[in-house]
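# Structure assessment
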Amino acid sequence: MNTGSDGPGEVAMADDGAKGERALGSRAPAFVKARRALHLSWQVGVFIVGLAVVVVGVIMLPLPGPGWLVIFGGMAIWATEFVWAQLVLRWTKRKVTEATQRALDPEVRRRNITLTTVGLVIVAALVGVYVWKFGLAMPWNIKE
């Protein structure tokens, strides 16, 4: 079974040109890595804990709570042991950084402020028409 972790003494490197990033592979202590059975049980434990956190995050998506934050927390737990999770987190970090830079662009900010203002004016006009026509009565109490 290939779990994506390194064997003892090996270091996997991603060839994505990333500078200043840690080497890929297991972050397990050396005494755990030295024993195959202990390392495999360590990885199973990390996988189960990460899976539990990701499942809680998925449950939080439709419910109140920081669902995406918890899901990324579970991915970070997985990334302590599995190369595929480390690569996913690096990709996600790059995309979030790019989106942040795009959002801070003055032209994009002006467009977003304009669209928000137009949306608020439309909502205010609709509320004004409703109050003018029906008063402050709730929609389910209106009898025409």
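What counts and what doesn't
Residues numbered from 1 in each chain as written. Predicted model: local features only at pLDDT ≥ 70, side-chain atom pairs only at ≥ 80, totals over all residues. Heavy atoms only, no water. Helix = DSSP H or I, 4+ residues; strand = E, 2+ residues; numbered from the N terminus. Buried < 20%, exposed > 50% of the residue type's maximum accessible area, 1.4 Å probe, protein only. Contact = heavy atoms within 4.5 Å. Axes fitted to C-alpha atoms, helices over the stretch in contact; angles between N-to-C directions. Parallel < 35°, antiparallel > 145°, perpendicular 65-115°, else oblique. Left-handed = near helix turned anticlockwise from the far one by under 90°. Expected span 1.5 Å × (residues − 1). Nonpolar A, V, L, I, M, F, W, Y, C, P; charged D, E, K, R; others polar. Core = buried A, V, L, I, M, F, W, Y, C linked by side-chain atoms within 4.5 Å. pLDDT = per-residue confidence, 0-100. Phe/Tyr/Trp six-rings, centres within 6.5 Å; stacked < 30°, edge-to-face > 60°.

### Quick look at the overall build of the protein
- Counting its secondary structure elements, the protein contains five helices and zero strands.
- Secondary structure elements of the protein, listed N to C terminal, follow the sequence α-α-α-α-α.
- Taking all 144 residues of the protein together, 20% fall into the buried category.
- Of the contacts made within the protein by residues no fewer than 6 positions apart, 46% connect residues no fewer than 24 positions apart.

### Re the packing of helix α3 (residues 67-79) against helix α4 (residues 83-103)
- Viewed as axis vectors pointing N to C, α3 and α4 meet at an angle of 135°, and their least axial separation amounts to 7 Å. Accordingly, the angle class assigned to the pair α3 and α4 is oblique. For the crossing formed where α3 meets α4, the hand is left-handed. Only Trp-84, Ala-85, Gln-86, Val-88, Leu-89 and Thr-92 of α4 make contact with α3, whose side of the interface consists of Phe-72, Met-75, Ala-76, Trp-78 and Ala-79.

### Focus on α3
- In this model, α3 (13 residues) spans 18 Å end to end at C-alpha, consistent with the 18 Å of a helix rising 1.5 Å per residue.
- Listing the buried residues of α3 in full gives Gly-67, Val-70, Ile-71, Gly-74, Met-75, Trp-78 and Ala-79.
- Buried residues belonging to α3 abut α2 (36-60) and α4.

### Some thoughts on the packing of α2 against α3
- Where α2 meets α3, the axes come as close as 7 Å, and the angle between the chain directions of the two elements is 170°. Considering their axes alone, α2 and α3 lie roughly antiparallel with respect to each other. Taken together, the residues of α3 that come into contact with α2 (itself represented by Val-46, Phe-47, Val-49, Gly-50, Leu-51, Val-53, Val-54, Val-56, Gly-57, Val-58 and Met-60) are Gly-67, Val-70, Ile-71, Gly-73, Gly-74, Met-75, Ile-77 and Trp-78.
- The residue inventory of the contact of α2 with α3, partitioned by class, reads 14 nonpolar, five polar and no charged.

### Quick word on helix α5 (residues 106-134)
- End to end, α5 covers 42 Å across 29 residues, agreeing with the expected 42 Å (1.5 Å per residue, within 8%).
- Positive phi appears at Gly-135, one or two residues downstream of α5, with a value of about 80°.

### As for the nonpolar core
- Judged by nonpolar contacts, Val-46, Val-54, Met-75, Trp-78, Ala-79, Phe-82 and Ala-85 together constitute the single largest core of seven residues.
- Within the residue set of this core, elements represented by two or more residues are α2 and α3.
- The element contributing the most residues to this core is α3, with three residues.
- Excluding its chain neighbours within four sequence positions, the residues that come into contact with Ala-85 are Met-75, Trp-78 and Ala-79.

### Some points on the environment of Val-58
- Along the chain, Val-58 turns up in helix α2.
- Separated by 12 residues in the primary sequence, Val-58 and Val-70 have C-alpha atoms spaced 8.3 Å apart.

### What about the confidence of the model for the protein?
- For the protein, the mean per-residue pLDDT works out to 82, and 84% of the residues sit at or above 70.
- Confidence, read as mean pLDDT per element, is least for helix α1 (residues 30-33) in the protein (73) and greatest for α5 (92).

### Section: the packing of aromatic side chains
- A complete count under the given rule lists six aromatic pairs for this structure.
- Seen in terms of ring centroids, Phe-47 and Trp-78 are 5.4 Å apart; in terms of plane orientation they differ by 15°. Their pairing is stacked. Of this pair, Phe-47 sits in helix α2 while Trp-78 sits in helix α3; the two residues are 31 residues apart in sequence, bridging distant segments of the chain.
- Taking the centre distance of 5.4 Å and the plane angle of 55° together, the rings of Trp-78 and Trp-84 count as tilted.

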